[in-house]
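Reading the structure
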Amino acid sequence: MRNTQQADDLTLPPPGHLSDGFVRVRGARENNLRNVDVDVPRDSIVAFTGVSGSGKSSLAFGTIYAEAQRRYFESVAPYARRLIQQGHNPKVEMISGLPPAVALQQRRGAPSSRSTVGTVTTLSNSLRMLFSRAGTYPSGAAQLDSDAFSPNTAAGACQECHGLGVAHTVSEKSLVPDTGLTIREGAIAAWPGAWQGKNLRDILSHLGYDVDLPWRKLPKKDRDWILFTEDQPVVEVTPERDRVAKPYKGRFWSARSYVLHTLADSQSAAMRERVLAFMESGPCPRCGGTGLRPEALEVSFAGRTIAELNGTPMAELAEIIRPTAGLKDAGTASRRQSSGEENEVAVAITADLLQRITVLLDLGLGYLSLGRPTPTLSPGEMQRLRIATQLRSGLFGVIYVLDEPSAGLHPADAEPLLAVLDQLKESGNSVFVVEHNMDVVRRADWLVDVGPRAGEGGGEVLYSGPVAGLADVAESVTRPFLFDGGSGGAGSTGAGVASKGARQPDGWLELSGISQHNLKNLDASFPVGVLTAVTGVSGSGKSTLVSRVLASVVGSGVGTLPAASAQPGGAFPDGAQEDGTDSSAPLTVGTVSGTDRFDRLVKVDQKPIGRTPRSNLATYTGLFDAVRKEFAATDQARALGFGAGRFSFNVAGGRCETCQGEGFVAVELLFLPGSYGPCPECNGSRYNPETLEVTYRGKNVAEVLRLTVDAAADFLADIPAAARSLKSLRDVGLGYLRLGQPATELSGGEAQRIKLATELQRARRGHTLYLLDEPTTGLHPADVQLLMAQLHGLVDSGNTVVVVEHDMDVVAGADWVIDLGPSGGDAGGQIVAAGTAAAVARSTHGRTAPYLAAALRQESVS
């Protein structure tokens with residue numbers, strides 16, 4: 001039986017007919033899809049909807065896009081094909097009318113500071129060419145190739161920092177933290193201890209330095225030589241206070257030389273970790289943090305170096321190059337043949353740059369600079385950059401498959417995005433979007449609703465037709481949010497998630513003088529014992545305030561749980577964070593009060609719960625420990641001498657050694673791309689036959705791992721530890737996931753909810769601060785209701801919850817709202833309104849108020 005319901009007025013041409021304007025899918029069985037047939041129009045905006053795990057992504061990405069990609073690769077020569085990273089062959093009988101497809105998925109920035117906004121959009125290439133061919137050079141300087149203006153090439157990278165712009169150095173302050181001590185008392189803390197340190201001290205004494213004078217009283221030239229000299233004099237040393245000892249030849253190392261040598265050559269991780277504490281990271285002194293060589297920095301355009309233009313917001317960059325670009329329209333370019341900033345090349349390059357930057361400005365990204373590292377961007381910002389690049393490509397007749405293009409966007413940012421999707425359609429393309437934002441869905445030409453539930457309860461196409469037709473499909477979970485309960489405003493999922501009533505704060509967490517990124521001397525107050533929503537357009541400083549500042553300030557006092565399963569203690573790791581913050585940027589906070597109201601800090605983010613298939617929700621939540629103990633307690637296991645470790649697929653003993661417990665093996669094919677297949681020894685079970693012979697209530701351990709959370713809740717109901725974990729997972733809407741589902745197959749939203757569920761299964765003792773960054777990203781409105789019910793439950797138990805959020809229905813249900821803005825980048829970083837949702841909705845500042853007001857009006861009506 002085919003699972004599809006077409007609009008009543010749709011007449012289906014024979015399958016395979018290519019001129020009727022439809023992509024026709026027959027017999028799709030990818031993941032949980034149940035032999036699905038569906039027809040989707042080309043040259044339209046088509047929204048794929050359904051609860052998380054219903055199968056909509058399996059249809060849009062796993063089937064339609066994957067098949068288009070497979071057909072393209074078939075046209076490539078076999079030898080070249082094996083060099084390309086390829087996807088899988090989808091499980092589908094036939095797809096007809098399928099054009100080439102481009103996928104724009106929600107992916108984080110590459111984990112490299114060398115990847116920037118400029119490199120992702122290729123705007124950096126044009127800017128480098130502009131400086132090479134039309135820059136103003138110093139008198140007598142030779143023209144440089146464009147590579148000389150890139151920190152990522154050998155020709156352009158600073159020789160000191162290798163193009164990174166950051167130098168790791170030592171200073172007198174880092175090497176000698178207490179200047180009141182003498183050398184004998186250990187003033188040079190960076191030196192080694194025990195005999196090595198005594199040796200260096202004895203050498204200094206024989207060289208004539210006073211090791212018993214407080215460090216600060218030593219002459220500066222002596223201090224500098226001891227700490228920084230490259231000399232390594234060898235002297236004959238008789239150990240002090242041990243005159244009977246035999247003299248020996250001792251070599252001197254300066255403190256800096258010792259630290260750098262240890263970092264470069266020591267095989268001891270502990271020693272490297274120790275000396276790393278004496279290093280300071282900061283802008284490279286040779287290139288000033290630009291990553292470029294001096295000769296590149298001597299070239300200018302419009303009076304600025306390429307480093308200065310890379311650091312300029314794109315909105316300002318557009319104004320800088322506009323005068324030169326305007327010469328093209330003025331018709332003077334043909335007469336500007338001389339070298340300089342107004343020659344024909346300069347006019348052509350700046351005109352192209354301006355046109356491409358304008359697309360990014362239209363998408364609300366004008367606050368970003370070309371030099372902004374991509375790891376500090378949110379997924380929404382990254383996807384808009386990719387959309388802008390595709391819009392500029394001028395492709396025709398392509399299917400663009402987008403994964404929640406509105407995710408991570410403030411309602412004000414979502415509106416220009418919708419205009420861009422319209423532009424892609426008007427350019428002769430098809431736009432297929434997997435989407436939860438009901439406002440985006442309403443703007444679509446066609447709707448494909450998948451469900452009715454998730455996992456094994458989904459996989460059917462409930463409806464495919466014009467949006468209005470879904471109103472007649474009673475079994476659709478999407479229908480009530482689209483027509484009955486939605487606020488109708490941009491940024492609305494349509495989920496009513498109001499609390500039972502506005503709670504009153506138990507106190508306040510107050511911070512003053514906050515400075516980091518675009519937060520400049522900001523004062524912020526967070527109420528204790530309530531749910532607070534932090535809002536604002538992209539780039540306004542929300543993640544910096546919550547995920548970095550608040551987490552660091554409170555975490556340093558009470559201990560930090562970066563993910564729900566981590567142990568307390570410590571601050572967050574340095575470097576670019578996946579939540580869009582960059583913790584290497586300097587953070588200063590003036591005064592802090594109210595941290596004594598918290599016993600713990602829990603940061604629940606969307607980072608993966610593991611980066612290999614060996615990690616899954618059963619191992620992450622700890623419920624698999626309880627399951628393995630139950631298997632070890634069976635009569636069969638005891639008779640065979642099997643302990644709990646025998647039932648782990650991560651250690652030798654019970655696992656299949658052919659696949660090392662992974663369940664699959666890589667198959668290398670000559671002149672064809674390698675592929676993965678189930679392990680021929682264990683058929684994907686991960687365990688050896690002896691282990692699989694042991695059963696618990698009729699199922700072996702591999703069969704238990706294949707159970708969904710919903711099914712396992714019944715099967716493992718009398719194992720308290722497992723039952724507690726499974727209940728928490730179901731409470732946050734993850735009942736459709738399999739216990740052994742690899743972490744690599746989970747979305748960011750699913751990973752975040754697994755972390756939250758892991759925290760919920762703990763005993764609720766109150767006085768915990770929970771920080772969540774856009775927790776509703778990737779969630780269907782029905783899943784949002786489940787999630788918010790849990791967050792409100794945490795508050796009711798005496799905890800404090802702070803969420804960064806764009807969903808106006810969620811914000812409307814918060815007890816307190818802090819709105820940042822008024823815009824992004826340098827035009828943001830201010831608290832433009834704070835108070836109850838109703839008070840912020842009445843604010844005349846910022847861009848959140850009108851959208852929040854619309855959500856509140858709908859809430860009062862419903």
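Residues numbered from 1 in each chain as written. Predicted model: local features only at pLDDT ≥ 70, side-chain atom pairs only at ≥ 80, totals over all residues. Heavy atoms only, no water.

What to know about the sheet that holds strand E4 (residues 94–96)
Going by this rule: Any two strands with at least two DSSP bridges between them are considered paired. Here a helix means four or more residues in a row that DSSP labels H or I, a strand means two or more in a row labelled E, and each is numbered from the N terminus. Only the stretch in contact is used when fitting a helix axis, every axis being a line fitted to C-alpha atoms; angles between N-to-C directions are given from 0 to 180 degrees. We call two residues in contact when some of their heavy atoms are within 4.5 Å.
Read from one edge to the other, the open sheet built from 3 strands follows the order E2-E1-E4, with strand pairing classed as antiparallel. The open sheet terminates on both sides in strands that have one partner only, identified here as strand E2 (36–41) and E4. Direction aside, the axes of adjacent strands within the sheet are offset by 5 degrees on average. The strands that helix H1 (residues 56–74) touches are strand E1 (22–28), E2 and E4; relative to E4, the one it contacts most, it runs at about 75 degrees.

Things to note about the sheet that holds strand E18 (residues 592–593)
On the basis of which strands lie adjacent, the open sheet formed by 3 strands has the order E15-E14-E18 and antiparallel pairing. In the strand order of this sheet, the two ends are held by strand E15 (519–528) and E18, each with one partner. Here strand E14 (residues 507–516) pairs with E18 via 2 bridges, running antiparallel. When the bridges of E18 are listed, Leu511 appears paired with Val592.

Looking at the nonpolar core
What counts, and what does not: Among buried residues, those of type Ala, Val, Leu, Ile, Met, Phe, Trp, Tyr and Cys that are joined through side-chain atoms within 4.5 Å constitute a nonpolar core. Think of it in three bands: with a 1.4 Å probe and only protein chains considered, a residue is buried below 20% of the maximum accessible area for its type, exposed above 50%, and partly exposed in between.
Among the nonpolar cores identified, the biggest contains 146 residues, and Met314, Leu716, Leu726, Leu729, Leu739 and Ile754 are the most heavily contacted of them. Top element by residues in this core is helix H13 (residues 344–362). It accounts for 8 residues. Each residue touching Leu726, except ones within four places of it in the same chain, is listed here: Leu623, Val709, Ala712, Ala713, Leu716 and Leu739. Counting residues in each nonpolar core, the second largest holds 29 residues, with Ala28, Leu33, Leu98 and Ile399 among its members.

Concerning the pattern of salt bridges
Counted only if it meets this: A pair is scored as a salt bridge if a Lys or Arg side-chain nitrogen falls within 4 Å of a carboxyl oxygen belonging to Asp or Glu.
Tallied over the entire structure, the rule returns 29 salt bridges. We note a salt bridge from Lys220 to Asp224, for which the minimum N-O separation is 2.8 Å. Linking Lys220 with Asp224, this pair stays in helix H7 (residues 220–228), spanning 4 residues, or about one helical turn. Taking relative accessible area as the criterion, Lys220 reaches 51% and is therefore assigned exposed. The salt bridge partner of Asp710 is Arg730, with a shortest N-O separation of 2.9 Å. Here Arg730 lies in helix H25 (residues 720–731) and Asp710 lies in helix H24 (residues 709–715), a separation of 20 residues in the sequence. Note on Arg730: relative accessible area 40%, which makes it partly exposed. Several salt bridges converge on common partners, so that one network encompasses Glu67, Arg70, Arg71 and Glu74.

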